[in-house]
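Now for the letters of each chain:
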Amino acid sequence: MEEQGPNRRSMKKKRKLRFGRFFMTITFLLLIGLVVFSIFQYKAGKDLASTKDQKDIKFTGDSLDVKNSSIQNVLVLGADISESGISRSDTMMLVSWNKETDEVNIVSFMRDIYASIPGGYKPQKLNVAYSLGGVQLLKDTISSMFGVPIHHYALIDFESFESLVDIVAPSGVTIDVEKAMSEKIGVSLEQGVQQLNGQELLGYARFRADEEGDFGRVARQQKVMEALKEEVLSPLNAFYYPKFAGAIQGYVQTDYSTTEEIKHVLSLGFSGGVNINKLTIPIEKSYDFSSFPGVGSVIEINVDKNKQALSEFLGMRLR
């Protein structure tokens, strides 16, 4: 009996070693499978967006300010083609990321702001700058008006937005729809909390057929950005990340290189505690409604008040 004790211990040790090797082999195979799956999904997303026509966009961003080197400002535009064939910027946001504080500040600019457009153009609504000279002219208009540096841009059209939402959140994005909506948005939404697909989410963000008008729409756009952040950072949707990352290459036009994009997204995603703050320009009690021949109804703003609010919100001194 005394001789069997060591034998049993030896057999137990061998079984543990065999199980350890088996576990390591299975883990290794699973990792290999995950890598292969991710590569195929990334390629599938990239192929999905490869049929998208890309415009030739020339853009010169501002250099990083030495005093504010931790802050990067990205002009994010949602574009649409009107019935007349003119491309217009329906959404204009400045997304400012402070790498030191790990904060993301989103500034929404009302498209009817009466703005001086550089290059000899007459004053017009802010979003007209995009129709006249694309991303660069809109960037120059905002920079010259508010003194804010813009380092990069990202442009997405409505169709691409819908596709990306359906890729990263195939079960829909949770939104509390505050009222029934249908006019001029291509979908019918009922009041209440619901899961919206890409087309429905876009319709929700674009709705403005009520007394709130464009102010309500801007608030909903910011609400959509917050909801999308939650979806993208949700571990439940990690399965769709590779395909999403591949599709971004074709659906979103930007001056970021592929490497920079991935590093930027991963930095935000894995930080875990990203805080999003929101501001709308113009701020309250800093504007009046006016109308001009050939321009229509506009929002005339107190530039100095809004520039001060923007400076405080972004935590940087503006030019």
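Scoring rules and cut-offs
- Residues numbered from 1 in each chain as written.
- Predicted model: local features only at pLDDT ≥ 70, side-chain atom pairs only at ≥ 80, totals over all residues.
- Heavy atoms only, no water.
- UniProt positions renumbered as here; feature names shortened; annotations may be inferred.
- Phe/Tyr/Trp six-rings, centres within 6.5 Å; stacked < 30°, edge-to-face > 60°.
- Buried < 20%, exposed > 50% of the residue type's maximum accessible area, 1.4 Å probe, protein only.
- pLDDT = per-residue confidence, 0-100.
- Helix = DSSP H or I, 4+ residues; strand = E, 2+ residues; numbered from the N terminus.
- Salt bridge = Lys/Arg side-chain N within 4 Å of Asp/Glu carboxyl O.
- Axes fitted to C-alpha atoms, helices over the stretch in contact; angles between N-to-C directions.
- Contact = heavy atoms within 4.5 Å.
- Nonpolar A, V, L, I, M, F, W, Y, C, P; charged D, E, K, R; others polar.
- Polar contact = N/O pair within 3.5 Å; in protein donor to acceptor, adjacent residues only side chain to side chain.

The protein is annotated in an unreviewed UniProt entry as Regulatory protein MsrR of Paenisporosarcina antarctica. As stated in UniProt under Subcellular location (unreviewed entry), the record for the protein gives "Cell membrane". Word for word, the UniProt comment on the protein under Sequence similarities (unreviewed entry) is "Belongs to the LytR/CpsA/Psr (LCP) family."

Moving on: the packing of aromatic side chains. Counted by the stated rule, this structure contains seven aromatic pairs. Look at Tyr-287 and Phe-289: their rings are 5.7 Å apart centre to centre, the planes differ by 80°, and that puts the pair in the edge-to-face class. You can call Phe-289 exposed: its relative accessible area is 58%. Within the aromatic cluster, the residues linked to one another by ring pairs are Phe-215, Tyr-287 and Phe-289.

This next bit is on the confidence of the model for the protein. When pLDDT is averaged along the protein, the result is 82; 75% of the residues meet or exceed 70. Across the protein, the element-wise mean pLDDT spans from 52 in helix α7 (residues 258–271) up to 97 in strand β4 (residues 114–115).

In this structure the tally under the stated criterion is 15 salt bridges. One salt bridge connects Glu-226 with Lys-278, and the closest N-O pair in it is separated by 3.8 Å. A residue pair is termed long-range when its members are at least 10 positions apart, and Glu-226 in helix α5 (residues 213–233) and Lys-278 in strand β10 (residues 275–281) qualify at 52 residues.

Moving on, we get to the packing of helix α4 (residues 198–206) against α5. Put simply, α4 and α5 touch, their axes get as near as 7 Å, and they point 145° apart. Contacts between α4 and α5 involve Leu-201, Tyr-204, Ala-205 and Arg-206 from the first element and Arg-217, Arg-220, Gln-221, Lys-223, Val-224 and Leu-228 from the second. Each residue belonging to the contact of α4 with α5 can be placed in one class, and the counts come to five nonpolar, one polar and four charged.

Turning next to the side chain of Asn-98. Looking at the secondary structure, you find Asn-98 in strand β2 (residues 87–98). Classification of Asn-98 by relative accessible area gives buried; the value is 14%. At 3.4 Å, the side chain of Asn-98 forms a polar contact with the side chain of Ser-70. A distance of 3.0 Å separates a polar atom in the side chain of Asn-98 from the backbone nitrogen of Glu-100. When neighbours within four sequence positions are excluded, Asn-98 is seen to be in contact with Ser-70, Ile-71 and Glu-103.

Looking at where Ser-311 falls in the secondary structure, it is placed in helix α8 (residues 303–314). Looking at Ser-311, its side chain comes within polar contact range of the main-chain oxygen of Met-316, at 2.7 Å. The contact partners of Ser-311, leaving out residues within four places of it in the chain, are Met-316, Arg-317 and Leu-318.

Here we take up the environment of Ser-70. For Ser-70, the location among the structural elements is in the loop between α1 (4–49) and β1 (71–81). According to the relative accessible area criterion, Ser-70 is buried, its value standing at 13%. It is 9.8 Å that separates the C-alpha atoms of Ser-70 and Asp-102, two residues lying 32 residues apart in sequence. When residues no more than four places from it in sequence are discounted, the contact partners of Ser-70 are Trp-97, Asn-98, Lys-99 and Glu-100.

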